Amino acid sequence: MGRDRCSGQPWLASDAHPNGHECAKGAATLHHGFPNAAHQLSTPHSDPEEETKMGLFGAEERPGRHAHGATHHEAHLDAVEAAWLGLSVGTHGHRHLRGIGKCGPRRWPKSRLYVSHGKRRGGRSRPDESLPDRREALPGAWGPGLQPLRKVGSASGTMLLRAAWRRAAVAVTAAPGPKPAAPTRGLRLRVGDHAPQSAVTADTTAAPEAGPVLRPLYMDVQATTPLDPRVLDAMLPYLINYYGNPHSRTHAYGWESEAAMERARQQVASLIGADPREIIFTSGATESNNIAIKGVARFYRSRKKHLITTQTEHKCVLDSCRSLEAEGFQVTYLPVQKSGIIDLKELEAAIQPDTSLVSVMTVNNEIGVKQPIAEIGQICSSRKVYFHTDAAQAVGKIPLNVNDMKIDLMSISGHKIYGPKGVGAIYIRRRPRVRVEALQSGGGQERGMRSGTVPTPLVVGLGAACEVAQQEMEYDHKRISKLAERLIQNIMKSLPDVVMNGDPEHHYPGCINLSFAYVEGESLLMALKDVALSSGSACTSASLEPSYVLRAIGTDEDLAHSSIRFGIGRFTTEEEVDYTVEKCIQHVKRLREMSPLWEMVQDGIDLKSIKWTQH
């Protein structure tokens, strides 16, 4: 056992490492605890000339290059990355860069290790073809500002990711026996990852490996949508490197975030044909609806105290109107026809001289009915009444243009269009100008209408989601229409007494609401545990009361209780639709065989003629 000339630390014996190399005791924790730290050769050198001869500082490249086996690389950054990429770990060249410390360039623990995967900062190195460059291995995973994880000096942006990959590699290499095959997505169930764990932990001990988690198929895209990978790619740089406050005007960090925020504003505006200055970022469609309804009503309360909406609006619209009624406003709740569409003549008749706002949603979130937005906009424009529409379920799915449709205010949600949760936007027309009273006080951001720091990563994700939606809208609509028709036809040809709720023509195909007579909807949902479905709005599905939307279109209470909403989205496959149809038919038949009502119907008894008594 020797000693380090600079630090005086004893060297660990060669039997301390499986591959026989030695390192200073003082550097052992750094070397084996963090992949990108000091590294030692097998023999300590005390002669500077000998060090130079060995090529430690780049004098000669050949002697300075040495190889280690897979055991050594298990604790090395590139083994971590290789394990993460699923690549084999072979031997490859290292070179040691000049360290700087109290003992000058010969202070070993300060030397840095660099893997020769092509030219890197800090010295020459020969490319090694055993491990591909991360940029080639993961095309599209690099956004602006994201640097390669091997680069020395980028620890501030990549420390968390390095720790996570290191922990994953340790878990993989420490697992006994043959490595499990990569999980594959089956026809029926999605194979999910393990339960989320923190990436930052001091304990590097490998946890016992759990089996794959089977998750249901997702058919509830009206509640929320998965994040599109292209949206995640756009967000990542602003979660790691570009973290400045977009309202900081005195340095580059703020300028970078502000530029990204304004680009996202342009992307949202382009999707709906608006001016970027008319887009206000919010936390979601609920806040946007509150700003539109309460903001307009309160600003014009001195002259106009009447509002109009429909009975099938989202809960946040109806509750906003109820809160205004408590403040002395008058609200007209228009009924809808059996199809779910409002009567335009009733709308015209309901408009009064003191009406300030009409609010009608574009696509209903429970039955998928599309309202005649352009005609409503024309009526409101001719009567000098502002028109607001909740377009959370329509933006990015059907073509919308705020100028052609004469829309004055529009609510948008990020997580309904494959964007992140917690972000949305409201369109507020500038010419003719619509004035709103702000709901919250603060720093006056977003033209004073929505104070608070704009979350740059989230709005970047919203903008990217809008841009992707604009590109994919036509293709998505055709594909979703085909899958919806497949689902409806296969269910209805195999099951009698199935009713589709809502207008079949003026309808968004991705939202299908079916009522299965003589079957309790909650029982069917519990039976279909392999498929994520809902019986209505996610905001009200916890209630056992029948949907207020189905009651508004005149659905019988027993049918309203037996309704199921099927959501088809961008990532839904034919196999998932076929599996959902198969299981739905199977369980409806089973539940009907257990139902006394179904038996009575089969015997020819008219259930409506029966007078039921309570006991």
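Now for a description of the structure that goes with this document. (Residues numbered from 1 in each chain as written. Predicted model: local features only at pLDDT ≥ 70, side-chain atom pairs only at ≥ 80, totals over all residues. Heavy atoms only, no water.)

## Structural notes on the packing of aromatic side chains
Part 1 of the argument: A full pass over the atoms with the stated rule returns six aromatic pairs.
Part 2 of the argument: Consider the rings of Tyr518 and Trp598, whose centres lie 5.6 Å apart with planes at 50°: the pair is tilted. Of the two residues, Tyr518 sits in the loop between strand S14 (511–516) and helix H15 (521–527) while Trp598 sits in helix H19 (residues 596–602), which places them 80 residues apart along the sequence.
Part 3 of the argument: Here the aromatic residues Phe299, Tyr300 and Tyr386 are joined through ring pairs into a cluster of three or more.
Part 4 of the argument: Looking at Lys315, its charged tip hangs above the ring of Tyr548, at a distance of 5.3 Å from the centre.
Part 5 of the argument: Cation over ring: Arg592 sits above Trp598, and NZ or CZ is 4.7 Å from the ring centre. (Phe/Tyr/Trp six-rings, centres within 6.5 Å; stacked < 30°, edge-to-face > 60°. Helix = DSSP H or I, 4+ residues; strand = E, 2+ residues; numbered from the N terminus. Lys NZ or Arg CZ within 6 Å of the ring centre and 35° of its normal.)

## Notes on the sheet that holds strand S16 (residues 563–567)
Part 1 of the argument: Taken together, three strands build an open sheet; the order of strands is S13-S14-S16 and the sheet is antiparallel. Of all strands in the sheet, those bounded by a partner on one side alone are strand S13 (498–500) and S16. Each strand of the sheet is rotated relative to its neighbour by a mean of 30°, with strand direction disregarded.
Part 2 of the argument: Strand direction decides the pairing type here: S14 and S16, joined by five bridges, are antiparallel. (Pairing = 2+ DSSP bridges. Axes fitted to C-alpha atoms, helices over the stretch in contact; angles between N-to-C directions.)

## Focus: the side chain of Ser563
Part 1 of the argument: Its location among the elements puts Ser563 in strand S16.
Part 2 of the argument: A residue is classified by how much of its surface remains accessible, and Ser563, at 1% relative accessible area, is buried.
Part 3 of the argument: Reaching out from Ser563, the side chain makes a polar contact with the backbone oxygen of Ala560 at a distance of 3.2 Å.
Part 4 of the argument: Beyond its immediate stretch of four places on either side in the chain, Ser563 contacts Asn501, Asn513, Leu514, Ser515, Ser535 and Leu550. (Buried < 20%, exposed > 50% of the residue type's maximum accessible area, 1.4 Å probe, protein only. Polar contact = N/O pair within 3.5 Å; in protein donor to acceptor, adjacent residues only side chain to side chain. Contact = heavy atoms within 4.5 Å.)

## A look at the side chain of Glu313
Part 1 of the argument: Mapped onto the elements, Glu313 comes out in the loop between strand S7 (306–310) and helix H11 (315–326).
Part 2 of the argument: One buried charged residue, Glu313, remains without a salt bridge, the closest side chain of opposite sign being Arg322 at 12 Å.
Part 3 of the argument: Here the side chain of Glu313 touches Thr310 through a polar contact of 2.7 Å, side chain to side chain.
Part 4 of the argument: There is a polar contact of 3.0 Å between the side chain of Glu313 and the backbone nitrogen of Met361. (Lys, Arg positive; Asp, Glu negative; His and termini not counted. Salt bridge = Lys/Arg side-chain N within 4 Å of Asp/Glu carboxyl O.)

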